[in-house]
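# Coordinate inspection notes
Next come the chains, spelled out residue by residue.
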Amino acid sequence: MRIGVFDSGIGGLNVLNELIKKYKNAEYIYYGDTYYLPYGSKTKEELIALASRIILFFEKENVDMIVIACGTCSSLANNLKIITEIPIYDVITPTVEYIKNRYQKVALLATNSTIQNGVFERQLKEQNIEVYPLSCPHFVPYLEGLIDELDVEEELKSLKNDSFEAVILGCTHFPLLKEQIENTFNVPSIDMGKCLTEMIHIEEHNNFELTIYMSIVTEDLKKNVKDILKKEFPIIEKNLPV
Ligand code: DGL
């Protein structure tokens with residue numbers, strides 16, 4: 001099977017890693033839209049325009065399935081699923097599915113856009129789950145090297161006195177801060193890539209292939225990609241017209 005996986009940048013590689021752990025023998029195409037990141041500060045209209053062109057690119061690449069490895073775009077999955085016949089999987093639906101029989105009270109950390117959009121929170125509340133949402137606008141810029149410093153505890157302090165059983169890493173970049181987040185709250189974190197991988201089925205064939213595209217490639221990006229995938233892969237620079 002050929003699977004297209006996309007995000008604004010390196011966050012979706014955390015999802016890709018989980019998919020590869022379970023389904024190694026497939027053909028993956030990754031697109032990271034580094035030229036336009038962060039997605040978390042964009043409007044719904046901007047996000048739909050950006051994600052649509054990636055979906056059309058995947059269509060031309062003849063993928064069998066598309067994974068929205070981005071919490072922000074997953075909030076708009078209903079708008080994105082209608083632009084192609086190719087099956088599209090988002091990361092929010094399987095995360096809510098995973099949580100619903102396990103937890104009653106959860107914190108939701110995500111980008112501004114995801115929190116404001118409210119789809120994630122609504123889906124959880126429909127399952128009678130109490131939600132403590134918090135937007136973390138500096139996490140992605142820090143992880144992508146746009147800002148130099150980040151005090152995770154300080155960013156999370158407004159939730160410090162609330163009581164919840166688990167914290168959702170509601171942006172696919174956030175597993176890169178998993179330890180600091182778990183230590184701040186002393187509760188387990190929920191990784192959307194793991195939730196998705198548990199619920200998706202990928203037909204494997206004989207070999208593993210991964211092609212990585214990013215809309216802009218820098219030396220820092222190459223290093224980050226290697227750190228996350230634990231192996232060096234070539235990165236093709238390809239910006240898609242909006
Ligand atoms: N990793 C993405 C998410 O899950 C997008 C982050 C961003 O570019 O702001 O929301």
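One can find the structure itself at the top, above this paragraph.
So, here is what we can say about the structure in this document. None of these values were measured; they are calculated from a predicted model. (Residues numbered from 1 in each chain as written. Predicted model: local features only at pLDDT ≥ 70, side-chain atom pairs only at ≥ 80, totals over all residues. Heavy atoms only, no water.)

All right, on to the site of the ligand then. Residues in contact with the ligand amount to 13 residues; listed here are only the nearest, S8, Y39, G40, G71 and T72. At a separation of 2.9 Å, a nitrogen atom of the ligand approaches a polar side-chain atom of D7. One of the side-chain nitrogen or oxygen atoms of T72 is found 2.5 Å away from an oxygen atom of the ligand. Coverage of the ligand by the protein chains reaches 99% of its 300 Å² of free accessible surface. Residues that form the shell around the ligand fall into these classes: 5 nonpolar, 7 polar and 1 charged. (Near = heavy atom within 4 Å. Polar contact = N/O pair within 3.5 Å; in protein donor to acceptor, adjacent residues only side chain to side chain. Areas by Shrake-Rupley, 256 points an atom, 1.4 Å probe, with all protein chains shown as cover. Nonpolar A, V, L, I, M, F, W, Y, C, P; charged D, E, K, R; others polar.)

This brings us to the sheet that holds strand 3 (residues 65–68). Read from one edge to the other, the open sheet built from 6 strands follows the order 4-3-1-2-9-10, with strand pairing classed as parallel. The strands lining the two open edges of the sheet, one partner per strand, are strand 4 (88–89) and strand 10 (235–237). Pairing analysis gives 2 bridges linking strand 3 to strand 4, with the strands arranged parallel. Bridge pairing in strand 4 places I66 opposite I88. Strands strand 1 (2–7), strand 2 (27–32), strand 3, strand 4 and strand 9 (209–214) of the sheet are contacted by helix 2 (residues 44–60), whose axis makes an angle of about 160 degrees with strand 1. (Pairing = 2+ DSSP bridges. Helix = DSSP H or I, 4+ residues; strand = E, 2+ residues; numbered from the N terminus. Contact = heavy atoms within 4.5 Å. Axes fitted to C-alpha atoms, helices over the stretch in contact; angles between N-to-C directions.)

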